[in-house]
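Single-letter residue listing:
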2 protein chains.
Amino acid sequence: MPDQRTNHDTRDRILDVAERLFMEHGYEATSMRMITGAAEVNLAAVNYHFGSKEALLREVFRRRLSWLNRERLEVLDRLEAQAGGTPLKPSQILEAFFGTLLRMGEDESLGGMTFLRLLGRTLTDPAEFIRHFFAGEYAEVIDRYKRALFRALPDVPQAEIVWRLHFMLGAMSYAIAGTDVLQVVTGCGLSDLAGENGAQGPGDTALARRLAQRLMPFLLGGLRAPLPQLLDPSGNQQESSPKTA
Amino acid sequence: MPDQRTNHDTRDRILDVAERLFMEHGYEATSMRMITGAAEVNLAAVNYHFGSKEALLREVFRRRLSWLNRERLEVLDRLEAQAGGTPLKPSQILEAFFGTLLRMGEDESLGGMTFLRLLGRTLTDPAEFIRHFFAGEYAEVIDRYKRALFRALPDVPQAEIVWRLHFMLGAMSYAIAGTDVLQVVTGCGLSDLAGENGAQGPGDTALARRLAQRLMPFLLGGLRAPLPQLLDPSGNQQESSPKTA
DNA sequence: CACTATTTCAAACGTTCGTTTTAATGTTAG
DNA sequence: CTAACATTAAAACGAACGTTTGAAATAGTG
């Protein structure tokens, strides 16, 4: 029985703190006492308001993904309505799907870069309940955008499109996770590449914008790359590197 | 006792089991008792042979990455020696860097897909000691390949190359992690896309090969995509390759 | 053989985990 | 007011955590 009149101050503070701590340390490495301590609420508050630690993580994502998925569907609906019956351009589809997400990084009320980083880091979490949750949350949106890409690229085998959608999701997920070894090796993170100071905070919104500027051409280039010549299973790939076998 | 064990037998069995369990459940969600139980060794064996749980994870990676990094450097050395003083082709560099890794997935003695999945899932782990470890392991290889790409693409701003190397790492990392929501949503994983049975096992080596066939054109297309028009002065449109057959 | 170093083993260490309990405190409507 | 409900509070729960201990077993060497 959801009661909208209840006091949401404790609830929201828990969600905000959990979002940040789950991002910084991961789900397993974040304890209830870390969360309730940072949120300055009682230890039992999480179980009272959400039921369990797993349900807390789900709610942390649900309040962001419900907006994201709705927005993604609405943008696609709008594009397809404008196009009449003609297929959309791949660049439009990518902009709708990835641009909508990256725009969340510029809006603190939508979670900002904190949520984006959390999302990127959690998408590769092997925990069963997490993957099951994401599968349910993403099912409709993925299906709609997949079919839009099928229509946009009628000459490309659908299996190939699925592969490349998979790769594009990976490039984006990893990019927003912000844990790249490159950043530690080169001593400069995305923030420095974006020309801003490295400190997290308000500068993150600029980071999200520049990330989108850089990511979109890359994804489009990958999506429209020449198809690999399909060989019989016994035949091996083209050899442009020295033999290693 | 079912069979006699030598000194290194315990060590190696712990490493093999830890590699699989860390992949399946993640570092934090894998307990020492799960590892020693599955390896059929005493609980204290891990601390005796490796010192700590963190040190065990480092050793799990070190025994694989030492081979991978050495191989990557040797392949690059060989390519640059063959090329004389001329710059390498981007496709050669990508094949050397990503192809070498993906070939590990075909060789069970190098860890196979189990290690590849573990690597992909761990690269986005926020734990401090993990990121510090990866930074040290990858420093030399990243630097060498980065500079090779700089020479191969002299007209592309170096910051742009770093961005795209970042995106390529992400696409590969996410792909080998094998946790994509697409797989759960569409009900078919990479194994099905590869035309093989979905069961993990020997079929995984075929998966690694087909993954490489699909991933390499995508990465090359992304790397050579038209540059985003920003405040960049020269050479913005270098090479467009939309040949969606 | 005796001696030493290495490895295995069962048991326990102290700590932290997520969760539950029970009571106290606000809050709201009749 | 008071009865009913919603929320917070302190304390404790049993279980599981990574690690350590000290003795027993094994292997290697002269």
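Analysis parameters
- Residues numbered from 1 in each chain as written.
- Chains lettered and ligands numbered in written order.
- Predicted model: local features only at pLDDT ≥ 70, side-chain atom pairs only at ≥ 80, totals over all residues.
- Heavy atoms only, no water.
- Salt bridge = Lys/Arg side-chain N within 4 Å of Asp/Glu carboxyl O.
- Helix = DSSP H or I, 4+ residues; strand = E, 2+ residues; numbered from the N terminus.
- Buried < 20%, exposed > 50% of the residue type's maximum accessible area, 1.4 Å probe, protein only.
- Near = heavy atom within 4 Å.
- Polar contact = N/O pair within 3.5 Å; in protein donor to acceptor, adjacent residues only side chain to side chain.
- Nonpolar A, V, L, I, M, F, W, Y, C, P; charged D, E, K, R; others polar.
- Least-squares fit on C-alpha atoms with pLDDT ≥ 70 in both.
- Contact = heavy atoms within 4.5 Å.
- Buried area = accessible area lost by both parts, 1.4 Å probe.
- Core = buried A, V, L, I, M, F, W, Y, C linked by side-chain atoms within 4.5 Å.
- Expected span 1.5 Å × (residues − 1).

A.B. asks: What is the right way to look at the pattern of salt bridges in this model?
C.D. replies: Pairing of side chains with opposite charge becomes possible as their charged atoms draw close. Residues and elements named next belong to chain A. By the definition in use, this model includes 32 salt bridges over all chains. Between Asp143 and Arg147 there is a salt bridge whose closest N-O contact spans 3.2 Å. Highlighted residues: Asp143 and Arg147, both in helix 7 (residues 128–152), separated by four residues, approximately one helical turn. A relative accessible area of 39% places Arg147 in the partly exposed class.

A.B. asks: Hey, could you run me through the protein's contact with DNA strand C in this one?
C.D. replies: If you check the shell around DNA strand C, you find 19 residues, and the closest are Met32, Arg33 and Lys53 of chain A together with Thr10 and His49 of chain B. Among all atoms of DNA strand C positioned within 4 Å of the protein, those belonging to sugar or phosphate total 53%. In the environment of DNA strand C, a phosphate oxygen lies 3.4 Å from a nitrogen or oxygen atom belonging to the side chain of Asn47 of chain A. Here a phosphate oxygen of DNA strand C and a side-chain polar atom of Tyr48 of chain B are 2.9 Å apart. Going through the elements one at a time, helix 2 (32–39) of chain A together with helix 1 (7–25) and helix 3 (45–50) of chain B are the ones with two or more residues in the surface near DNA strand C. Here the surface near DNA strand C is composed, by residue class, of seven nonpolar, eight polar and four charged.

A.B. asks: Before we go on, may I ask you to explain the relation of the copies chain A and chain B in this structure?
C.D. replies: Superposition of the two copies of the chain requires a rotation about an axis and a shift along the axis. Between the two copies, chain A and chain B, the superposition gives an RMSD of 0.0 Å; the rotation angle is 180 degrees and the shift along the axis is 0.0 Å. The two molecules are tied by a two-fold rotation axis, judged by turn and shift. When the interface residues of chain A are mapped onto chain B, 88% of them again fall at the interface, so both copies present the same face.

A.B. asks: Whenever I open this one, the environment of Phe98 of chain B confuses me. Can you help?
C.D. replies: Residue placement: Phe98 of chain B occurs in helix 5 (residues 90–104). For the pair formed by Phe98 of chain B and Met216 of chain B, sequence separation is 118 residues and the distance between their alpha carbons is 7.9 Å.

A.B. asks: Just to check I follow, could you spell out the interface of chain A and chain B for this structure?
C.D. replies: Much of the literature gives interface size as the accessible area that the parts lose upon coming together. Counting residues at the interface gives 72 residues for chain A and 75 residues for chain B. Summing both partners gives a buried area of about 6,600 Å² for chain A against chain B, and 71% of it is carried by carbon and sulfur. Contact with chain B buries area across many residues of chain A, yet Trp163, Arg214 and Phe218 of chain A alone supply 12% of it, more than any other trio. Remark: the boundary between chain A and chain B carries two salt bridges. Where Arg214 of chain B meets Glu160 of chain A, a salt bridge forms, and the shortest distance between an N and an O atom there is 3.0 Å. The interface formed by chain A and chain B contains nine residue pairs in polar contact (both at pLDDT 80 or more). With 16 residues, helix 8 (residues 158–177) of chain A is the single largest residue contributor to the side of chain A that touches chain B. Split into classes, the residues belonging to the side of chain A that touches chain B amount to 42 nonpolar, 18 polar and twelve charged.

A.B. asks: Is there a simple way to explain the side chain of Glu160 of chain B in this structure?
C.D. replies: Relative to the elements of secondary structure, Glu160 of chain B occurs in helix 8 (residues 158–177). In this structure Glu160 of chain B touches Arg214 of chain A together with Leu227 and Pro228 of chain B, once residues within four positions along its chain are discounted.

A.B. asks: Honestly, the nonpolar core in this entry has me stumped. Any pointers?
C.D. replies: Where a protein is soluble and globular, its nonpolar side chains tend to be buried together. By size, the foremost hydrophobic cluster in this structure holds 161 residues, and its most contacted members are Leu56 and Phe134 of chain A together with Leu56 and Phe134 of chain B. Sequence-distant contacts of Leu56 of chain A, defined by excluding residues within four places in its chain, comprise Ile14, Leu15, Ala18, Phe22, Ile35, Val46 and Phe50 of chain A.

A.B. asks: It is not clear to me how unusual backbone geometry should be interpreted in this structure. Could you clarify?
C.D. replies: With the exception of glycine, the majority of residues adopt a negative phi angle, and the majority of peptide bonds are in the trans configuration. Backbone geometry places Glu40 of chain A, a non-glycine residue, at a positive phi of 55 degrees. Inspection of the secondary structure assignment puts Glu40 of chain A in the loop between helix 2 and helix 3 (45–49).

A.B. asks: I'm lost on helix 8 of chain B in this one. Help?
C.D. replies: Since there are 3.6 residues in each turn of an α-helix, residues three or four apart along the chain are aligned in direction. Residues and elements named next belong to chain B. With 20 residues, helix 8 ought to run about 28 Å at 1.5 Å a step, and its terminal C-alpha atoms sit 28 Å apart, in line with that. Extensive coverage of helix 8 is indicated by the burial of 18 of its 20 residues. Once helix 8 finishes, Gly178 follows within two positions and takes phi at roughly 70 degrees, a positive value.

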